[in-house]
Each structure stands twice: as C-alpha cells, then as structure tokens.
Amino acid sequence: MSKLKIAEGFALPQEVVTETIGVLARKGSGKTYFVSVLAEEMIKAGLPVVLVDPVGVMWGLRSSADGKGPGLSIVIMGGDHGDVPLEPTAGAVIADVIVDDRISAVLDLSGMRKGEQVRFMTDLAERLYHRNRAPLHLVLDEADLWAPQRPMPDHARLLGAIEDIVRRGRARGLGVSLITQRPGVINKNVLTQIEILVAMRLVSPQDRKALDEWIEVHGEKAQRDELMRTVASLRPGQAWFWSPGFDLFQLAQVRRRETFDSSSTPKVGAKAIRPRGFAEIDLEGLRAKIGQTIERAKADDPKALRRRVAELERELAARPAPQPERIEVPVITAEQVEELRALAASWARSMEAALSAFGEAVRPHLEAFNAALEESSRIVAAGATEITHAMNRVPVRERAKPTKVLESAVPPAAVGDRKLGKAERAILTVLAQFPRGRTVSQIAIQAGYSADGGGFRNALSALRQAGLIERGDPVVITVAGVSVVGNAVEPIPFGPALVAFWQGRLGKAERAILDVLVDVYPRSLSAEEIASRAGYEASGGGFRNALSKLRTLELAEGYGQTRASDALFR
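None of the values given here were measured: they were computed from a predicted structure. Numbers given for residues are sequential positions, taken from 1 along each chain in its written order. Under the rules for a predicted model, residues below a pLDDT of 70 receive no local features and side-chain atom pairs below 80 are neither given nor counted, while totals for whole chains, interfaces and linings still include all residues. The side-chain values count all of the structure's non-hydrogen atoms but skip hydrogen atoms and water molecules.

Asker: Mind showing me how you'd approach the pairing of strand S6 (residues 105-108) here?
Answerer: Buried means the residue's accessible area, taken with a 1.4 Å probe over protein chains only, is under 20% of the maximum for its type, while exposed means over 50%, and partly exposed covers the values in between. Working definition: helices are DSSP H or I runs of at least four residues, strands are E runs of at least two. Numbering for both runs from the N terminus. Side chains of S6 alternate between two faces, with Ala 105 and Leu 107 and Val 106 and Asp 108 buried alike. Here, strands pair whenever DSSP counts at least two bridges between them. Sheet analysis places strand S4 (residues 49-53) next to S6, joined by 4 bridges and oriented parallel. The residue bridging Leu 51 from the neighbouring strand is Val 106, located in S6. With 3 bridges connecting them, strand S5 (residues 75-77) and S6 associate as parallel partners. Bridging across to S6, Ile 76 finds its partner in Val 106. Handedness of the crossover joining S5 and S6 through helix H2 (residues 91-101) is recorded here as right-handed. When the strands point away from the viewer and the path from the first strand over the helix to the second turns clockwise, the crossover is right-handed.

Asker: Would you mind showing me how to read a nonpolar patch on the surface here?
Answerer: A surface patch of nonpolar side chains, amounting to about 430 Å² of accessible area, comprises Val 331, Ile 332, Leu 340 and Leu 343. Within the secondary structure layout, Leu 343 lies in helix H11 (residues 334-384). A relative accessible area of 55% means that Leu 343 is categorised as exposed. Here a patch means residues that are over 30% exposed by relative accessible area and free of salt bridges, tied together within 9 Å if like-charged and within 5 Å if nonpolar (Val, Leu, Ile, Met, Phe, Trp, Tyr). Accessible areas in this description were obtained via Shrake-Rupley with a 1.4 Å probe; residue shielding takes into account the shown protein chains only. Here a salt bridge means any side-chain nitrogen of Lys or Arg lying within 4 Å of a carboxyl oxygen belonging to Asp or Glu.

Asker: Before we go on, may I ask you to explain the sheet that holds strand S11 (residues 248-253) in this structure?
Answerer: The pairing of strands in a sheet happens through backbone hydrogen bonds and is either parallel or antiparallel. Read from one edge of the open sheet, 9 strands run S5-S6-S4-S7-S8-S3-S9-S10-S11, paired in mixed fashion. In this open sheet, the two strands that pair with only one neighbour each are S5 and S11. Shown here is a sheet whose adjacent strand axes are inclined to one another by a mean of 15°, direction ignored. It only takes one pair of heavy atoms within 4.5 Å for two residues to be counted as in contact. Lines fitted to the C-alpha atoms define the axes, with helices restricted to the stretch that makes contact. Angles between their N-to-C directions range from 0 to 180 degrees. Along the sheet, helix H8 (residues 221-230) makes contact with strand S9 (196-199), strand S10 (238-243) and S11, crossing S10 at roughly 160°.

Asker: Explain the pattern of salt bridges to me, please; I cannot follow it from the model alone.
Answerer: A side chain with one charge may pair with a side chain of the opposite charge, provided their charged atoms come close. Applying the stated rule across the entire model yields 24 salt bridges. Here Asp 100 makes a salt bridge to Arg 131, at a shortest N to O gap of 2.7 Å. Placement of Asp 100 in helix H2 and of Arg 131 in helix H3 (residues 114-131) is noted, with a sequence separation of 31 residues between them. The shortest N-O distance in the salt bridge between Glu 126 and Arg 157 comes to 2.6 Å. Taken together, the positions of Glu 126 in helix H3 and Arg 157 in helix H5 (residues 156-168) put the pair 31 residues apart, joining distant regions of the chain.

Asker: So what exactly am I meant to see when it comes to the side chain of Ser 262 here?
Answerer: In this fold, Ser 262 is placed in the loop between S11 and helix H9 (283-300). Within the local environment of Ser 262, its side chain forms a polar contact with the backbone oxygen of Val 57, the two atoms lying 2.6 Å apart. Ignoring anything within four residues of it in the chain, the contact list for Ser 262 reads Val 57, Met 58, Trp 59, Gly 60 and Arg 257. We call two N or O atoms a polar contact when they sit within 3.5 Å, provided that within protein one can donate a hydrogen and the other can accept it, with sequence-adjacent residues counted only if both atoms are side-chain atoms.

Asker: Even after reading the chapter, I still don't get the nonpolar core, so can you show me in this structure?
Answerer: For soluble globular proteins, nonpolar side chains are generally found buried alongside one another. We define a nonpolar core as any set of buried Ala, Val, Leu, Ile, Met, Phe, Trp, Tyr and Cys residues linked to one another through side-chain atoms lying within 4.5 Å. Leu 140 and Leu 211 are the most contacted members of the largest nonpolar core, which has 60 residues in total. No other element matches the 7 residues that H3 contributes to this core. Apart from the residues lying within four places of it in its own chain, the contact partners of Leu 140 are Val 52, Met 121, Trp 146, Ile 162, Val 176, Ser 177, Leu 178 and Ile 179. Core analysis: the next-biggest nonpolar cluster, separate from the first, contains 39 residues, Phe 10, Ile 21, Ile 76 and Val 139 among them.

Asker: How do you make sense of the environment of Ile 76 when you look at a structure like this?
Answerer: Mapped onto the secondary structure, Ile 76 falls in strand S5. For Ile 76, a relative accessible area of 2% translates into the label buried. Taking the C-alpha atoms as reference, Ile 76 lies 7.2 Å from Asp 108; in sequence the two are 32 residues apart. In this view, Ile 76 contacts Trp 59, Arg 62, His 81, Gly 82, Asp 83, Val 84 and Val 106; residues no more than four positions away in its chain are not counted.

Asker: What is the right way to read the packing of helix H18 (residues 508-520) against helix H19 (residues 527-534) from this model?
Answerer: Helix-helix packing is described using two parameters, namely the angle between the two axes and the distance between the axes. Two elements in contact, H18 and H19, have axes separated by 9 Å at closest approach and are oriented at 110°. The orientation of H18 with respect to H19, classified from their angle, is roughly perpendicular. Crossing angle aside, the handedness with which H18 passes H19 is right-handed. Residues Ala 512, Ile 513, Val 516, Leu 517 and Val 520 of H18 pack against Ile 530, Arg 533 and Ala 534 of H19. Residues are grouped as follows: Ala, Val, Leu, Ile, Met, Phe, Trp, Tyr, Cys and Pro are nonpolar; Asp, Glu, Lys and Arg are charged; every other residue, Gly included, is polar. Tallied by class, residues from the contact of H18 with H19 come to 7 nonpolar, no polar and 1 charged. Roughly parallel means an angle under 35 degrees; roughly antiparallel, over 145; roughly perpendicular, 65 to 115; everything else is oblique. In this scheme the handedness of a crossing depends on how the near helix is turned from the far one: anticlockwise by less than a right angle means left-handed, clockwise means right-handed.

Asker: What should I look at first to understand the environment of Leu 547 in this one?
Answerer: Positionally, Leu 547 belongs in helix H20 (residues 541-552). C-alpha separation for the pair Leu 547 and Ile 530, spaced 17 residues apart in sequence, amounts to 9.4 Å. Apart from residues lying up to four places away in sequence, Leu 547 is in contact with Ile 513 and Thr 562.

Spelled out as structure tokens, the structure:
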C-alpha cells in the first residue's frame with residue numbers, strides 16, 4: 001500500500017484517512033496549502049475527501065498548478081466557482097450523495113451567513129456520522145467556527161456532532177482534519193482528541209499554551225522542548241509532525257502543490273492568474289443524483305407524508321360511498337377437510353423421520369466440535385491467567401479493597417528494546433484477566449483512565465501495533481500480550497472496590513455525585529435530583545463541571561437522565 005507523500009523524504013500511512021489530524025498555525029503559515037497537499041495524496045490513492053471551506057479558497061484543486069491543465073476530479077459545491085449551488089437546508093442531502101456515491105468534494109460555504117453555515121454543517125456532520133461506514137476524510141477549515149470553546153445555543157447540536165466524529169468516527173470510517181489559526185479558542189474536548197499534530201508557525205502566548213496542553217498529555221519533555229523552542233520561527237510551509245501512536249516526530253517542509261494554489265494571498269501590483277484548465281466531472285449525472293436524493297428525502301419526510309395523507313383523506317371524503325356487492329364464496333366440504341387432515345398428518349410423520357435422521361447424522365460432528373472448543377478454551381484460559389476463574393466466582397462484596405496494581409504493581413513488561421508505558425501495562429493487566437475481551441469503556445474504567453483521553457487511546461494504538469492486543473470490539477489480549485504480562489498479575493478491583501478506587505482519584509463534588517449514582521444504580525436521575533441528593537445547586541458551575549467530568553471519564557452516562565456506568569458493576 002503506497003503512502004501519502006507530504007514532503008521530500010517524508011510520507012504518512014494511508015491509515016491516517018480515519019484518524020483525527022490537528023493543523024495549528026497562525027495565518028500565512030501554510031495551513032490550507034498543507035491540507036491541499038494531503039487532499040491531493042488521498043484522492044490519488046482513491047480515498048474520498050470532503051473539504052469544508054468557509055472562506056472560498058480551495059476550488060483550485062480542480063486545476064493544475066499552472067492553471068493551464070486539469071487538476072483533480074473533485075466536485076466544487078457552492079461559492080463563486082461552484083459546479084452546483086449549496087442551500088443552507090441541503091446539509092443532509094449532500095451528506096447522502098457523498099456517502100452513497102463516494103465522491104470527493106469542496107463544500108464552499110463562503111456565500112452563506114453564519115447562521116446558515118451552522119445549520120448546513122449541523123445536518124451534514126450528523127448525517128455523515130450516522131450513515132458513513134467506509135473510509136472518508138473530512139477537512140474542517142477554520143475548525144474553531146464549528147467547535148468553539150464557548151458555543152452559542154445554536155451551536156450545541158453542531159458541537160455534539162463534531163465531538164461524535166472526533167471521538168468515535170474512526171469506528172465508522174470517518175477521519176477529520178481540524179485546521180485553525182486560533183487553537184486557544186477551539187473546544188478542548190475536541191482538541192485533545194488529535195492523534196496526529198501538525199504544528200506550523202505559532203506566536204501568540206494563548207495559542208502556544210493550547211499547543212502545550214496537547215503536548216503535556218501526549219508527548220515527552222525532550223520533544224516538547226525542541227518543538228516549543230522552534231515553533232515561533234518556522235518558515236511558511238514548515239511543520240512539525242508529531243504522533244506518539246504512529247511513533248512520529250519530524251520537522252518537514254511541505255512539498256509543492258500539484259494543483260492550483262487558489263488560497264495564495266494576492267500581491268500588490270501582481271497580475272492575478274485565472275486558471276483556464278479544469279478537470280471534467282459528470283455534472284449532469286451529479287445533478288441527477290442530487291435530485292434523486294432529494295426525492296427520497298421528500299418520500300421519507302414525515303411532514304410531506306402527513307400532507308399527502310391529508311390530501312388522500314379529502315379525496316376519499318369527496319367520493320360517493322360505494323354500494324355493497326354480494327359475492328358468492330364456495331364452502332369447503334367435510335370430505336375435503338378429512339382429506340387435508342390426512343395429508344397434514346402424513347407430512348408431519350415424514351418431517352419427524354427426516355429430522356431424526358438428520359440429528360443422528362450430525363451428532364458425531366457436533367460432539368467432535370464441542371470437544372475441540374473445550375480444549376481451545378482450556379488452552380487460552382491457561383495461557384492467560386489462573387486467577388480469572390477464581391475472581392469470577394467470588395462475590396463483589398468479598399473482593400479485596402482496591403490495590404495500586406494499575407500504577408506500581410503492574411510488572412514493568414517490555415517489547416523488544418522498549419519498555420511498556422504505564423497506560424499500556426495497565427491495559428494488559430485488565431485484559432489478562434478477561435481472555436474473552438473487554439469493551440474500550442470497560443478497559444478504561446478498570447485501568448483508571450478516560451476512554452477518550454489521548455494517553456489511553458495512544459496506549460491502545462501502540463499495543464495493537466506491537467501485536468499484544470487484537471483489533472476490534474471487544475478488545476482481546478493476544479498470546480504475545482499474555483507472555484509479556486506473565487504470571488505477575490494482581491487482581492483488578494471490581495464492584496464496590498472499583499468505585500472506591502475511582503473515589504480516591506476524584507474531587508469532592510465528583511465523589512459526591514458518583515456516590516448518589518451508585519446508590520440508585522441502575523436507575524437514572526435528572527440533574528436536579530442528583531444535585532439535591534449530593535448537596536449542590538444544579539445550576540452551579542462546580543456541580544455542572546463535576547458531572548461533565550464524570551461523563552468524560554465514562555463513569556456516568558446520559559444527559560437528560562444520568563446514571564452510573566454499567567462498566568463499574570461488571
């Protein structure tokens with residue numbers, strides 16, 4: 001599988017199409033230039049890309065670098081150079097066309113007002129998240145517009161959709177590039193999910209602080225010092241590429257574009273170049289597909305269906321009442337009934353005999369299969385850990401108090417010449433005691449991490465690449481992972497012991513809220529009920545922040561009605 005060539009001697013694997021990439025840089029540093037190069041490489045590799053362009057500068061991908069020949073076969077929707085116009089209400093329809101026909105597109109929103117942009121993006125992001133299931137990369141220019149740190153009321157749905165994409169989109173084939181010249185004002189819950197950091201020139205203290213917050217979670221001090229020392233003086237097009245999960249830390253100069261640079265800043269006195277050559281697209285076919293998608297949407301629209309039902313009811317009411325018609329129906333005779341009963345009895349006897357013969361034929365094969373399955377289960381269980389069955393037989397209330405197995409007691413295992421990190425050891429410790437696997441949320445809670453945290457996600461990625469855990473859900477430890485952990489495994493906490501373990505890590509408000517939710521589990525409570533029982537005001541900032549933190553850690557779930565996570569009890 002060919003790689004995506006970003007710079008001379010530097011390329012990214014095609015797997016980044018489903019990852020979250022963060023491009024942080026001040027204006028004029030080459031952000032749009034880089035994502036255009038990334039789009040060129042993905043489209044050439046047959047990977048669809050959708051670029052959301054609120055400024056109207058990405059249309060040059062359709063033309064060659066000198067503007068004289070064709071560029072990429074990518075549809076331009078909206079803006080001054082659009083093949084088809086974009087309506088603020090068409091977000092879901094455009095998402096359906098992209099998902100159904102796997103096309104690459106530039107969505108130029110520069111002609112819409114801000115409120116119209118938000119409406120379009122909300123429908124687009126929600127529909128892409130719910131429908132897409134194959135690799136697709138979404139590029140969000142000016143990402144702080146779509147995921148602001150302090151969203152207005154009309155941004156709530158959009159921010160929720162963007163969070164869904166960056167946190168869970170990879171499982172649905174969705175990757176995203178977040179481009180911003182204001183990393184200090186982009187939503188922190190979104191920014192921390194970046195898997196691959198692309199840091200170009202940053203000068204302001206606020207933006208450098210946001211960059212440093214990502215590094216604090218994901219990076220090491222020596223790398224942090226080198227990046228922060230140089231990032232303010234990088235030349236246009238220079239970028240640091242950093243991803244612990246891909247074992248990547250490199251400074252590179254982005255290669256020259258193969259398509260027309262329509263994002264370049266006009267220079268005083270210079271004559272503007274207007275491209276004359278553009279790649280051809282099937283415009284009529286595209287319009288037909290959009291039209292078909294609109295008709296399907298109308299057919300599925302409840303309002304349209306209700307209008308049609310009302311029209312039919314009016315037509316029916318206007319018609320004269322039909323006169324009853326006498327119809328003669330033949331009656332079956334008693335002799336025919338007896339004949340049918342005899343046929344049914346004969347058929348039943350034949351089926352009984354056939355099923356009996358079939359059972360006798362397959363019984364030896366089933367017995368052999370069950371024997372092989374039992375032997376396989378015995379081998380896997382013996383290779384994983386001897387304490388699993390004993391732990392499963394002990395009631396929750398009799399298990400030991402939480403230990404520090406997730407921190408200091410985990411064996412300092414190593415893979416090759418590299419020692420495993422704390423998070424990696426904690427994950428293997430959990431999985432070694434569950435040979436049949438655990439979900440990501442269950443692993444995170446029992447290992448003492450947030451399931452959405454960058455450190456936890458990077459540890460999972462590193463273990464998969466090392467062949468110590470299998471891909472998929474639930475996550476299962478491999479034979480190699482079991483051998484790395486060995487027999488030095490202490491039991492992880494369960495039930496009340498697991499709750500007590502987390503209580504030792506939480507603040508006062510979080511502990512009080514978690515106590516309330518655990519007491520009423522599996523019931524759900526409203527925010528007002530939780531606050532009253534915990535001794536807080538539901539509208540207070542401390543209470544809301546504490547409840548939000550428990551949701552982020554996935555110790556609590558639900559928004560209108562909240563309850564303790566199931567993973568705490570199983």
